[in-house]
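One-letter residues, chain by chain:
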Amino acid sequence: MAEEVKKPEEVKKPRKPLDPNSAKYKLGKIASDAFATAIEAKKQGRPVAWVSSNFPVEIPETLGLATAYPENQAAGIAARGAGERMCEVAEAEGYSNDICAYARISLAYAKLKECPEQDVAMPDVLLCCNNICNCMIKWYENLSQELGIPMIMLDIPFNPDYEVSDAEVAYVSGQFWDAVHQLEDLFGLKWDDDKFEQVTGFSCRASRAWLEATAQAKYTPSPFNGFDLLNHMAVMVTARGKEEAGEAMETLLKEYKENHEKGESTFRVEEKHRIMFEGIACWPYLRATSRGLKDRGINMVTTIYADAFGFDYNSFDEMIRAYCSVPNAINLEKSRDKRIKLCKDNNVEGLLVHTNRSCKLWSGFMAEMSRQIGKECNIPVTSFDGDQADPRNFSEAQYDTRVQGLCEIMEANKEAKEA
Amino acid sequence: MIQDTIRKFHEAAASPRAQMEKYMAEGKKIVLTAPVYTPEEIIHSMGFVPMGAWGADMELNRAKEYFPAFLCSIVQSILELGIRDAYKGASAIVIPSLCDTLKTLGENWKYAVDDIKFIPMTYPQNRKPDYGIAFTKAGYERVIRDLEELGGKFDPEALKESNKVYNAHNAVMRRVDEALAAHPEITAAERSDIFKSAYFMTKEEHTALCEEFLAELGEAGAEDKLAIVVSGILTDAPQLNGIFDDMGMHIVADDVAAQSRQYRTDVPEMDDPLQALAVKFANMDNCSVLYNVKKPRVQWIVDTAKERNAKGVVVVMTKFCDPEEFDYVMIKRACEAADLPLALVEVDRQMVHFEQVRTNLETFRDMLTM
């Protein structure tokens, strides 16, 4: 029998407490408060809504309805390693493992009503908007059945045209007010125009700061590590209609500007290459996917998320048009042009595409679109297979090989340019 | 002779290209209609021949340049056929955005198949309120504009007539479905041909052939078969229907998107035929791609199975079809609660070996006959 070797106890360096005035602290607090506030509201007997990520937050915020975001919860659960366990609970109920892993995790939570990796308040109503996918409709229909609670559906169809039509604005506006009236009737809430104006102000303020902060990647080197955006994005999903979100995003912008002035960055190694990352993060493998880039000096300087949650508008109609123009609701040409702009504005040298098994819509025309982006920007494109929350659909070896290949092409391109 | 009529259904169902060429030789223009619902009445009224494009059982090759493997093979095979010129000569394809995969089909089509125009049809999910009906109508107007660019002419009076033609076809298909419930001697393969051929014939011709068939059908058959209800998106694979027949199963009703779901709702009589067509869509229901939080489809399956004295329900799941995969859990529970046996079989347009389906259905048959 081999002699047992006692490993010396690992001594972890105590983490320096975060400066409460830093963007990281403020954003982290807003993100964690989002869950805690809804849990507290529930305890006090106030109604809680589960809300899809691109539902107009202006509605629950104005009405003072406590909210929780199942997509955000599922991402948290997956990042903390419980994605597979929760998916299996849903699969045991009969849900196919082909279904979006966020939906499977959420439906598992609806059954178990607890998950230590990320608990949320149980809902009294479901606010669904399908501007990111129609899968959302089916997921929320089933939640409504499983939990026996009402669902309010705000349908924003996929727009096959480049511009949002007046007919679509009229259709979505009609639904917007119907949703408001349904919530008023359900919970005895009252719509207040002044509050609405205040909320839209907060939402636009947060959006403007977010868009400007993410645009700081225009500098070389970038003043931030693009993986930061994946974390900060949670605030844009859950709290963009709150005053503190705008303030925290402005702090983030200030820090990025200061980083640039001082020649600093949250990307803590030499920035050899700059890429755009396409698709939702592989939450179960966030570290592996981040390290695979960082070890090669590749900074993911931009992603469509920089655009996805930037809801800046000057009127009610413009607000509706903004919700009709989120990334998964727009046609290939508009999706492509937004990405080309991001690539060009941020001096991107390569495109890394996450072919996300959970997201049929995102992945369904990605091959053609990324070919067009690669051609227009004259950059190499590579893809890897993964999943936003189900760890069974990702191979670290494949990821590493693909990133290595991308890196080699970018190096060769650089050498050719210098020569 | 009924066998002649059945053979005509089979020939049309098995030879869409020949049908297409026949119409083109008559000087008619073809407009393809993708799953699940399209405003065929408009296409018909503007002088085109609408032909269903639900893909084919085949190996996917070129479509892989556009789609990842985990997308529905019906949709992938539509693109594959488009790239391979199987639809050559068609003027346009109307693709609705009723599921996520269909949304991506249209976007890919624009670059993969450049000689057949993509016409999007954007339906609302909140289709019943006035604003939903108005949005459906706006979607139809967009289709009309695109068809006008192809030389079609819109005339409300012609649409009124086309609405009648389609209502008459709906009615005959409902009668066929009801009649077949009492005729176990008509095989699953023959039943499939009757429904499938409707996509490749003008509605006038198909209605006439169905009338002929009903007239020839005669007295209810006496064969003792196992009555089942089939649910799913598409059940036209010859191997699948062959297995139903080998197992002595008699489809007494279907909840299949490519079959009876098409014919449940008529265009109401109204002064404005386009408004009437939008109201028809508002009235449609009981389908996985039409939002309804109460999911009445689930109870519809149970009730229909009871009404038609079915012994069980077979859910034919098209792999990667998430609208159906979500509904399946509710269907399973409702059937369990109603003490109605249920089997799930998974199919795919690329499937060559159906042995797993056979084993599943054999076990199901044994269970039902025990």
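Within every chain, residues take consecutive numbers counted from 1 along the sequence as written. In the order they appear in the text, chains get letters beginning with A and ligands get numbers beginning with 1. Totals for whole chains, interfaces and linings use all residues, but because this is a predicted model, local features are given only for residues with pLDDT of at least 70 and pairs of side-chain atoms are given and counted only at 80 or more. Only heavy atoms go into the side-chain values, all of them from the structure, while hydrogens and water stay out.

> What's the story with the overall build of chain B in this structure? I'm lost.
Under the DSSP-based scheme used, a helix requires at least four consecutive residues in state H or I and a strand at least two consecutive residues in state E, with every element numbered from the N terminus. The helix and strand inventory of chain B stands at 14 helices and 8 strands. C-alpha atoms define the radius of gyration in this analysis, and the globule rule sets the expected value at 2.2 Å times the number of residues to the power 0.38. Here the C-alpha atoms of chain B give a radius of gyration of 20 Å, agreeing with the 21 Å that 2.2 N^0.38 yields for 370 residues. With respect to the principal axes defined by its C-alpha atoms, chain B has extents near 60 × 45 × 45 Å. Partly exposed describes any residue whose relative accessible area lies between the buried limit of under 20% and the exposed limit of over 50%, with all areas from a 1.4 Å probe on protein chains only and scaled to the type maximum. Out of the 370 residues in chain B, the part that is buried amounts to 63%. The contact rule is simple, with two residues in contact once any of their heavy atoms fall within 4.5 Å. Taking as baseline every contact in chain B between residues at least 6 positions apart, the subset at least 24 positions apart corresponds to 74%. Total accessible area on chain B stands at roughly 13600 Å², and carbon and sulfur atoms take up 51% of it. On chain B, the mean spot of the 42 positive side-chain charges and the mean spot of the 59 negative ones are 3 Å from each other. A 1.4 Å probe and the Shrake-Rupley method give the accessible areas. Residues count as covered only by the protein chains that appear here. Charged residues are defined here as Lys and Arg on the positive side and Asp and Glu on the negative side; His and the ends of the chain fall outside this count. The atoms used to mark charge sites are NZ of Lys, CZ of Arg, CG of Asp and CD of Glu.

> Mind showing me how you'd approach the pairing of strand 8 (residues 342-347) of chain B here?
All names here are of chain B. Burial along strand 8 is one-sided: Ala343, Val345 and Val347 are buried, and none of Leu342, Leu344 and Glu346, which face the opposite way, are. In this sheet, strand 8 lies alongside strand 7 (residues 312-318) in parallel orientation, the contact comprising 6 bridges. Residue pairing across strands places Val315 opposite Leu344, the latter belonging to strand 8. Handedness of a crossover is defined as follows: with both strands directed away from the viewer, a clockwise route from the first strand across the helix to the second makes it right-handed. Once the chain exits strand 7 it traverses helix 13 (residues 322-337) before rejoining the sheet at strand 8, and the crossover so formed is right-handed. A pair of strands is treated as paired once DSSP finds two or more bridges between them.

> Where do I start with the interface of chain B and chain A in this structure?
Interface size is commonly expressed as the accessible area that is lost once the parts come together. At the junction of the two partners, chain B supplies 48 residues and chain A supplies 51 residues. When the buried surface of chain B facing chain A is broken down by residue, Phe70, Tyr131 and Phe326 of chain B rank first, second and third, together holding 18% of it. Only helix 5 (100-112), helix 6 (130-149) and helix 13 of chain B provide two or more residues apiece to the side of chain B that touches chain A. When residues of the side of chain B that touches chain A are assigned to their parent elements, the largest contribution, 10 residues, is made by helix 13 of chain B. The nonpolar class holds Ala, Val, Leu, Ile, Met, Phe, Trp, Tyr, Cys and Pro. Asp, Glu, Lys and Arg form the charged class, and all remaining residues, Gly among them, are polar. Classifying every residue of the side of chain B that touches chain A gives 23 nonpolar, 10 polar and 15 charged. What counts as buried area is the accessible surface, traced by a 1.4 Å probe, that two parts surrender upon association, with contributions from both included.

> What is the right way to look at empty space enclosed by the protein in this model?
All names here are of chain B. Cavities and pockets are found on a 1 Å grid laid over the protein atoms alone: a cavity is a set of points where a 1.4 Å probe fits but cannot escape, a pocket is an open set with protein on both sides within 12 Å along at least five of seven lines, and a lining residue has an atom within 4 Å of such a point. Grid points are joined across faces, edges and corners, and a volume is the space filled by probe spheres set on the points. On inspection of all chains with the given rule, the structure shows 12 cavities of 30 Å³ or more. Of the voids in this model, the largest cavity is the one considered here, and its volume is about 270 Å³. Together, 23 residues line the largest cavity, and Thr38, Glu40, Glu41, Gln262 and Lys280 are the ones closest to its centre. Elements supplying a minimum of two residues to the lining of the largest cavity: helix 3 (40-45), helix 7 (156-180) and helix 11 (273-283). Size it by volume and the second largest cavity reaches roughly 170 Å³. Lining the second largest cavity are 16 residues, and of these Cys72, Val75, Cys99, Ile233 and Cys321 lie nearest its centre. The set of elements that each furnish at least two residues to the lining of the second largest cavity consists of helix 4 (73-83), helix 5 and helix 13.

> Just checking my understanding: could you explain the packing of helix 6 (residues 135-147) of chain A against helix 13 of chain B for this structure?
Helix 13 of chain B packs onto helix 6 of chain A with a crossing angle of 15 degrees between their chain directions and a minimal axis gap of 8 Å. Here helix 6 of chain A lies roughly parallel to helix 13 of chain B, going by the angle between them. Our pair here, helix 6 of chain A against helix 13 of chain B, has a crossing hand that is left-handed. Residues Cys135, Lys138, Trp139, Glu141, Asn142, Gln145 and Glu146 of chain A of helix 6 of chain A form the contact with helix 13 of chain B, whose own contacting residues are Asp322, Pro323, Phe326, Asp327, Met330 and Arg333 of chain B. Tallied by class, residues from the contact of helix 6 of chain A with helix 13 of chain B come to 5 nonpolar, 2 polar and 6 charged. Comment: axis = line fitted to C-alpha atoms, over the contacting stretch for helices; angle = value between 0 and 180 degrees taken between N-to-C directions. If an angle is under 35 degrees, it is roughly parallel; if it is over 145, roughly antiparallel; if it lies from 65 to 115, roughly perpendicular; otherwise it is oblique. By convention the crossing between two helices is left-handed if the near helix lies anticlockwise of the far one by an angle smaller than a right angle, and right-handed if it lies clockwise.

> Would you take a moment to explain the confidence of the model for chain A for this structure?
The predicted coordinates of low-pLDDT regions are not to be read in fine detail. pLDDT measures the predictor's confidence residue by residue and takes values from 0 up to 100. In this model, chain A carries a mean pLDDT of 94, and residues with pLDDT of at least 70 account for 97%. Counting interchain partners and residues more than four positions distant, the pLDDT-below-50 stretch residues 1-8 of chain A has 0 contacts.

> Quick question: what am I supposed to make of the environment of Ile280 of chain A here?
All names here are of chain A. In this structure, Ile280 sits in the loop between strand 5 (273-278) and helix 11 (286-294). A relative accessible area of 11% places Ile280 in the buried class. Ile280 sits 108 residues away from Gln388 along the chain, and the two C-alpha atoms are 6.0 Å apart.

> Please explain the domain arrangement of chain A as it appears in this structure.
Residues and elements named next belong to chain A. Either an automatic procedure or a domain database provided the assignment from which the domain bounds are taken. Examined at the domain level, chain A breaks down into domain 1 (23-191) and domain 2 (195-418). Here the C-alpha centroids of domain 1 and domain 2 sit 23 Å apart. Contacts between the two partners involve 51 residues from domain 1 and, on the opposite side, 56 residues from domain 2. Taking both partners together, domain 1 and domain 2 bury about 4500 Å²; carbon and sulfur atoms supply 61% of that area. A per-residue breakdown of the area domain 1 buries against domain 2 is headed by Leu27, Glu58 and Tyr162, which together make up 15% of the total. Within this document, salt bridges are pairs made up of a side-chain nitrogen of Lys or Arg and a carboxyl oxygen of Asp or Glu, the two lying within 4 Å of each other. Linking Glu88 and Arg392 is a salt bridge whose minimum nitrogen-to-oxygen distance equals 3.8 Å. In protein, a polar contact requires one atom able to donate a hydrogen and another able to accept it; more generally it is a pair of N or O atoms within 3.5 Å, and residues adjacent in sequence count only if both atoms are side-chain atoms. Linking domain 1 to domain 2 there are 26 residue pairs in polar contact (both at pLDDT 80 or more). If you list the elements that add at least two residues to the side of domain 1 that touches domain 2, you get helix 1 (23-43), helix 2 (58-63), helix 3 (70-79), helix 4 (83-92), helix 5 (101-112) and helix 7 (166-187). A total of 7 residues in the side of domain 1 that touches domain 2 trace back to one element, the largest contributor, which is helix 7.

> Would you explain the side chain of Ser53 of chain A in this entry?
All names here are of chain A. Mapping Ser53 onto the fold places it in the loop between strand 1 (48-51) and helix 2. A residue is classified by how much of its surface remains accessible, and Ser53, at 6% relative accessible area, is buried. Other than its neighbours up to four places away in sequence, Ser53 contacts Tyr69, Glu71, Ile132, Val237, Arg240 and Phe309.

> Would you take a moment to explain a positive patch on the surface for this structure?
On the surface, Arg15, Lys24, Arg268, Arg287 and Lys294 of chain A cluster together into a positively charged patch. The topology assignment puts Lys294 of chain A in helix 11. Each patch groups residues whose relative accessible area exceeds 30% and which form no salt bridge, using 9 Å between like charges and 5 Å between nonpolar side chains of Val, Leu, Ile, Met, Phe, Trp and Tyr.

> Help me understand the sheet that holds strand 1 of chain A in this model?
The pairing of strands in a sheet happens through backbone hydrogen bonds and is either parallel or antiparallel. Residues and elements named next belong to chain A. Read from one edge of the open sheet, 4 strands run 2-1-3-4, paired in parallel fashion. Only two strands of the sheet have a single partner each, and these edge strands are strand 2 (66-68) and strand 4 (151-154). For this sheet, the mean angle separating the axes of adjacent strands, direction not counted, is 25 degrees. Sheet analysis places strand 1 next to strand 2, joined by 3 bridges and oriented parallel. Residue Ala49 lies in a different strand from strand 2, and its bridge partner there is Thr67. Together, strand 1 and strand 2 form the strand contacts of helix 1, whose direction differs from that of strand 2 by roughly 130 degrees.

> So what exactly am I meant to see when it comes to the environment of Gln216 of chain A here?
With respect to the helices and strands, the residue Gln216 of chain A is situated in the loop between helix 8 (193-214) and helix 9 (227-239). When sequence neighbours within four positions are dropped, the list of residues in contact with Gln216 of chain A reads Pro223, Phe224, Leu253, Tyr256 and Lys257 of chain A.

> Would you take a moment to explain unusual backbone geometry for this structure?
What you tend to see is this: most non-glycine residues have negative phi, and most peptide bonds are trans. The step from Thr220 of chain A to Pro221 of chain A runs through a cis peptide bond, and the omega angle for that step is -5 degrees. For Pro221 of chain A, the location among the structural elements is in the loop between helix 8 and helix 9. At the junction of Pro35 of chain B and Val36 of chain B, the peptide bond is cis and its omega measures out at 0 degrees in the coordinates. With respect to the element layout, Val36 of chain B can be found in the loop between strand 1 (29-33) and helix 3. The backbone phi angle of Asn347 of chain A is positive, close to 50 degrees, even though this residue is not glycine. Given the relative accessible area of 39%, Asn347 of chain A is considered partly exposed.

> Help me out: how do you make sense of the sheet that holds strand 8 (residues 381-386) of chain A in this one?
All names here are of chain A. If you trace the 4 strands from one edge of the open sheet to the other, you get 6-5-7-8, paired in parallel fashion. Two strands close off the open sheet at either side, each with one partner strand: strand 6 (298-303) and strand 8. Taking the axes of each pair of neighbouring strands and ignoring which way they run, one obtains an average angle of 30 degrees across the sheet. Here strand 5 pairs with strand 6 via 5 bridges, running parallel. The residue bridging His273 from the neighbouring strand is Ile298, located in strand 6. Against the sheet, helix 17 (residues 396-418) contacts strand 5, strand 6, strand 7 (350-356) and strand 8, and its axis sits at roughly 170 degrees relative to strand 8.

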